[in-house]
Every structure is written in structure tokens, then in C-alpha cells.
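Residue strings, one per chain:
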Amino acid sequence: MQLSETTTLPLKSPAWPPLLAWLKWLCIVGVGLVNAWLVILMYAQGEMLFAMLTLVLVGSGLYLFANRRSYAWRYVYPGLAGMGLFVLFPLLCTIGIAFTNYSGKNQLSLERVQQVLQQQRFQSGRDLGFALYETDEGQWRLWLTDDDSGDAYLSDVFTLAAPPPALLGASPAHEAPAGEAAPIRVITQHRAVLSALAVVLPNGERLTMSSLRRFAASEPVYVPEGELVLLNRRSGERLAPNFDTGFYQPIDEGGHFVGEPVSPGFTVVIGWDNFLRVLQDKGIQVPFISIFIWTVLFSGLTVFFTLAVGMVLACLVQWEPLRGKGTYRLLLILPYAVPAFISILIFKGLFNQSFGEINMLLSGLFGISPDWFTDPLLARAMLVMVNNWLGYPYMMILCMGLLKAIPEDLYEASAMDGAGPLDNFLRITLPLLLKPLTPLLIASFAFNFNNFVLIQLLTNGRPDMIGTTTPAGYTDLLVSYTYRIAFEGSGTQDFGLAAAIATLIFLLVGALAVLNIKASKLELSEK
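Within the fold, Leu108 resides in strand E1 (residues 106-108). For the pair Leu108 and Met52, spaced 56 residues apart in sequence, the C-alpha separation works out to 20 Å. Once residues lying within four places of it in the same chain are set aside, the contact partners of Leu108 are Val113, Val116, Pro264, Gly265, Phe266 and Thr267.

Another point: the side chain of Thr306. Within the fold, Thr306 resides in helix H8 (residues 282-317). Overall, Thr306 belongs to the buried group, its relative accessible area being 2%. There is a polar contact of 3.2 Å between the side chain of Thr306 and the backbone oxygen of Val303. The contact partners of Thr306, leaving out residues within four places of it in the chain, are Asn387, Asn388, Gly391, Tyr392 and Met395.

Turning our attention to the pattern of salt bridges. Tallied over the entire structure, the rule returns 11 salt bridges. Across the salt bridge formed by Glu205 and Arg126, the nearest N and O atoms sit 3.5 Å from each other. Residue Glu205 is found in the loop between strand E6 (198-200) and strand E7 (206-211), and its partner Arg126 is found in strand E2 (residues 121-134); the two are separated by 79 residues along the sequence. Looking at Glu205, the relative accessible area reads 19%, which means it is buried. Here Arg233 and Glu219 are joined by a salt bridge, their closest N and O atoms 2.9 Å apart. Of this pair, Arg233 sits in the loop between strand E10 (230-232) and strand E11 (238-242) while Glu219 sits in strand E8 (residues 214-220), and the two are 14 residues apart along the sequence. Overall, the relative accessible area of 28% leaves Glu219 in the partly exposed class. Members of the salt-bridge network, linked through shared partners, are Arg462, Asp464, Asp476, Arg484 and Glu488.

This paragraph deals with a nonpolar patch on the surface. Together, Met83, Leu85, Phe86, Val87, Leu88 and Leu92 line one region of the surface with nonpolar side chains, adding up to about 610 Å² of accessible area. Checked against the element boundaries, Leu85 lands in helix H3 (residues 77-98). Assessed through its relative accessible area of 32%, Leu85 is described here as partly exposed.

Leu307, Cys399, Leu437, Tyr481 and Ile501 are the most contacted members of the largest nonpolar core, which totals 37 residues. Residue assignment for this core shows that the elements contributing at least two residues are H8, helix H12 (376-404), helix H14 (421-449), helix H16 (478-487) and helix H17 (495-526). With nine residues, the single largest contributor to this core is H8. Once residues within four sequence positions are removed from consideration, Leu307 is found in contact with Met395, Cys399, Leu434, Leu437 and Leu441.

With that settled, the discussion passes to the side chain of Asn35. Looking at the element boundaries, Asn35 is found in helix H1 (residues 16-44). Judged by relative accessible area, which is 8%, Asn35 ranks as buried. Not counting residues up to four positions away in its chain, the partners in contact with Asn35 are Thr54, Leu55, Val58 and Gly59.

What follows deals with the sheet that holds E11. Backbone-to-backbone hydrogen bonds join strands into a sheet, with any given pair of strands oriented parallel or antiparallel. One open sheet holds the four strands; their spatial order is E9-E10-E11-E12, and the pairing between them is antiparallel. Edge strands, defined here as strands with exactly one partner in the open sheet, are strand E9 (222-224) and strand E12 (247-251). Direction aside, the axes of adjacent strands within the sheet are offset by 40° on average. Bridge count for E10 against E11 is two bridges, and the pairing is antiparallel. Bridge pairing links Leu230 to Leu239 in E11. Sheet strands in contact with helix H4 (residues 110-119) are E9, E10, E11 and E12, and its direction is about 65° off that of E12.

Read around the barrel, seven strands follow the order E2-E3-E4-E5-E6-E7-E8 and close on themselves; strand pairing throughout is mixed. The mean angle between the axes of side-by-side strands here comes to 40°, regardless of whether they run parallel or antiparallel. Summarising the sheet, strand E5 (residues 167-172) and E6 pair through three bridges and their orientation is parallel. What sits directly across from Leu167, in E6, is Ala198.

The predicted model of the protein chain has a mean per-residue pLDDT of 87, with 94% of residues at 70 or higher. Low pLDDT, under 50, characterises residues 1-5; the stretch is placed with one contact to residues that sit more than four places away or in other chains. Across residues 8-16, where pLDDT falls below 50, the model places one contact with residues more than four positions away in sequence or in other chains.

Let us look at the pairing of E7. One ladder, built from three bridges, connects E6 with E7; its direction is antiparallel. Counterpart to Val200 in the pairing with E7 is Arg206. Hairpin remark: E6 followed by E7, antiparallel, with five residues in the connecting loop; positive phi at Gly204, about 90°. As judged from the three bridges shared by E7 and E8, these two strands associate in the antiparallel manner. Considered in E8, the bridge of Met209 is made with Phe215. Taking the residues that link successive antiparallel strands as the turn, the E7-E8 hairpin has two residues.

The next point concerns the packing of helix H13 (residues 408-416) against H14. Relative to each other, H13 and H14 sit at 165°, their axes nearing to 11 Å. Considering the angle they form, H13 stands roughly antiparallel to H14. At the point where H13 passes H14, the crossing takes the right-handed sense. In this structure, H13 uses Leu410, Tyr411 and Ser414 to contact H14, whose residues at the interface are Asn424, Ile428, Thr429 and Leu432. For the contact of H13 with H14, the class distribution of residues is four nonpolar, three polar and no charged.

The next thing to look at is H12. Here H12 contains 29 residues, and its C-alpha end-to-end distance of 42 Å stays within 8% of the 42 Å for a straight helix at 1.5 Å per residue. The largest bend along H12 reaches roughly 35° and is located at Gly391, with the proline Pro393 sitting one to four residues downstream. Measuring from the backbone nitrogen of Leu377 back to the side-chain oxygen at the start of H12 gives 3.2 Å, which picks out Asp375 as the cap.

Cut-off values and rules
Residues numbered from 1 in each chain as written. Predicted model: local features only at pLDDT ≥ 70, side-chain atom pairs only at ≥ 80, totals over all residues. Heavy atoms only, no water. Helix = DSSP H or I, 4+ residues; strand = E, 2+ residues; numbered from the N terminus. Contact = heavy atoms within 4.5 Å. Buried < 20%, exposed > 50% of the residue type's maximum accessible area, 1.4 Å probe, protein only. Polar contact = N/O pair within 3.5 Å; in protein donor to acceptor, adjacent residues only side chain to side chain. Salt bridge = Lys/Arg side-chain N within 4 Å of Asp/Glu carboxyl O. Patch = residues over 30% accessible without salt bridge, like charges linked within 9 Å, V, L, I, M, F, W, Y side chains within 5 Å. Areas by Shrake-Rupley, 256 points an atom, 1.4 Å probe, with all protein chains shown as cover. Core = buried A, V, L, I, M, F, W, Y, C linked by side-chain atoms within 4.5 Å. Pairing = 2+ DSSP bridges. Axes fitted to C-alpha atoms, helices over the stretch in contact; angles between N-to-C directions. pLDDT = per-residue confidence, 0-100. Parallel < 35°, antiparallel > 145°, perpendicular 65-115°, else oblique. Left-handed = near helix turned anticlockwise from the far one by under 90°. Nonpolar A, V, L, I, M, F, W, Y, C, P; charged D, E, K, R; others polar. Expected span 1.5 Å × (residues − 1). Bend = angle between axes of the 7 residues up to and from the residue.

Shown next, in the form of C-alpha cells:
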């Protein structure tokens, strides 16, 4: 049979697309079940934020990959998920912490604080020394001795390989078991098992392990009295949680808080208190304002000097009569090729007040030895000089590229009018370079606004200011000041205050980003 050109034959669809569809739904269901299990597990552990984050990210991903109408969103989902996980989530957590009293003393939840307080014990009876002896059957016995009366007791046998009984009887004895007592190493290895033992003496007194060589009668210091109230059995005080300070505190018969708070504390929401502390507490307000002014000044001076040095050097290496321009370019760009932390550590050695080459040179030539790390003004000047060394190659490279885009006709016309090199630079080169450089200068200002590495490696914020509530130094930037508030000190880390300052920094840098975007749009519209 002959077929015409317009005749079409039915095509049999392959068998594998339905199989792939089944595999697709099987994977989606499997991922969904695993996600549900993880969310339930996180919720049971009290990690509400991570449970919600996992539910939102995985749930939205499953919806996008299961729904045909949202096919186009599959390509942007990884980027959106990464932004939510690594940008938005930390930002929201930081802002949330800024409204709490989260600190080195207030890290736990209320339930965890209750558990910690109820685990505290005090000695309520005799304190006996003990030794551990092994029997012939591979089991163990405790030999307890009273240092005051000389009484001795021998416990029932137990094993260290399996969980021992909750209560262990002991009877009077006159001689220690045969053999040698176990060394302290064995007791240390099985400390968890021995700590779970409770030895009951013939008079009913109950002893538990109090140290590696002692068993003592002890009782919990705090016992629950109601849902939130705890009773101090040693002093008879009743304690209740103070949700204004985040600590358990003694209360009187009327329920009013009296006495000193009891550590550890718990985290509570305190509203705008951390932000108000920045504005009202002189020990924080004064260094914050000083550090803020220095941060702006440091960023501005860095941008100005790096631009000035980079632009001048770019013009010099682009000068036609100059010979060996390639060699000069290579030498001037070398600081940009060396990792910044290496250069900073080298400068830290060069500026060493006792053995640094810079002070040795100044002492030999002029008889002076500046205190670079202890004098506030000299320390700040040192930071600007080092940062200028690190930043000028970047500006020089930018200016070298932009100089190529300036038409030569402009310089030829100015030469015919009798203009000199200085006039050409001020009236042609500088204006034509500043316009395209404006967004980059704003970005450089924002980068140096948060230049934590330079401060941390070179001065660590020192010399320190005197009379401040929080750790603060004359060379601290806002970012390093925040770091010191959060992580310096022994048990006094104020994460809530640090988060509040970090939020203010975010707003400032965000304003710079908006300014940068507007400058970029203005530049594009002019072109």
C-alpha cells in the first residue's frame, strides 16, 4: 500500500515516562516524610525556629517540583532558598535577639533553668570515703569508711558493665575485701555508673557519690512548690521567676521579689531596652558615639586616600614618556596579590614599639620611638596607613581601566588652548573618573565600615577606653565593638546588646546600599 505525503502514522508512546513519573512522586513523598519527621523531632527538642525554617524551605521546594504550573520557579528556587537560609534567617534571628536579654548569664530557657536548679544538692549527713574492690566473679563492691568514728561498711555486689540497681545496700564490716583497691583511673572511667548509685546504710541513711573518693548524704537544694515556684530547703526561701530580669528571685509572703537573683538566668523578651541602653547609658552611649564617629571617619579617610593614591599612580603608569611601565604596574599591584591577613600581620611586626623596623628607623634618624599601639591618635593613624596600603591597588586598577576610555581628543583640544598637565587632570581626567567611580566608592566605604579583619588582627580595638560599661577601644569600629560586647569578658557576654548594635549597623549599611543603587541608576540615566 502506498502512503501519501500527508498521511501520518500513529506513534506508540514509550513505556518509560510513566515510570519516571512514579519515581518522581515516590521521591517527593519520601522527602516529604523525612521532612515531617525532622520537623517533629526539632519541635520536640524545642527548636521552634529551625522546625519552621525546615518546614517552609522543604515544603515550598516540594510544591514547586510537584506542581507543573510553577515549573519556571524551579530554576530560581535554589537561589531563593539560599538567600532565605543564609541571609534572611540570620538577619531575623539577630533582630529577634536584639529584643531579648540573651547574654552569658541568660542563655537557657525557663524549663532548663528549673532543671539546673533542682539538680543542685547539699550535704545533709555523713561524708564517707570509699574504695572500689573487684570480686572473683568480675563484680564490684564499695568499701565505705567514716573518718571520724572509724565505722566501715561493705556494699552489696554490683557490676559496672550494666546499669547498676538504683539502691545498693551496705552492711557493717571490720575488714576490707581481699585484693587491691581499684586505681583512680578505673573510678574515673566509670564515674557515670558510680554517680547513679545510691548506697543505703543500716540506719536508712542514703549516700551518693560526691567526689572521686567520697560518698555523702545529700539532698536537693531546690524542690518544686507549685508549677513555677521553688523552695530552698536550706534557707526556707521561696523563689519565683522574675520575667523582667530573667532570673529566679526570692519572694515574700505577698509574692513580691526580695533578695538577690539566683543564677543561671533565662531568656526573656525585654522590648526596646537594648536600644534604649545605647541612647541612655553613658557607659555605652559615650563609647558608641565616639566609635561611630571614628568608623565614619576611618571609612571616609580610607576611601579618600586610596582613591587619591590609586588615581595618581594610574595616571603615572599611563604616562606615555615613562619607560618600563609594565614593571611599575606589576610592582604596584603586588600588594593586592598578597593575602590581606599576611600583610596586616607583617605591618603589626613592622610597627612593633620595641623591635619594629619602623621605630628602629625613626629612632636612628630622628631619635623618636612612637607608641603606635598605646597612643589613640597614633594607633588610628597606623590603621589608616595600613588600610591605604591594602586598598590603593584596587583603585589604581579601576582608574587604569577608566583612563583608557577617556578620548584623546579632549587632551589634544586642551593642549591647543594652552592647558597644562594639572589643568588636564583637574578639568578632564578627574571629573570623567569620578562619575563612574561613585558607586564603587560608596561600596568601598561600606566595606571599610565593616572592616573587622584589619582591626582584629592589627590592634584588636586597643588601646581600651576607661570607664565604659562594655569593652570598647579607641581603634574599634562598630563591627569590632559589637564583637567585643558579644564575646569578650568572662560570663558577661551581652548578646542582646550586641544584636541591637548589629541591627543599627545593618540599617546604616543598608542605607549605603540604597544610596549606591540610586547612584548607579543616576549614572546609567546620564549615559
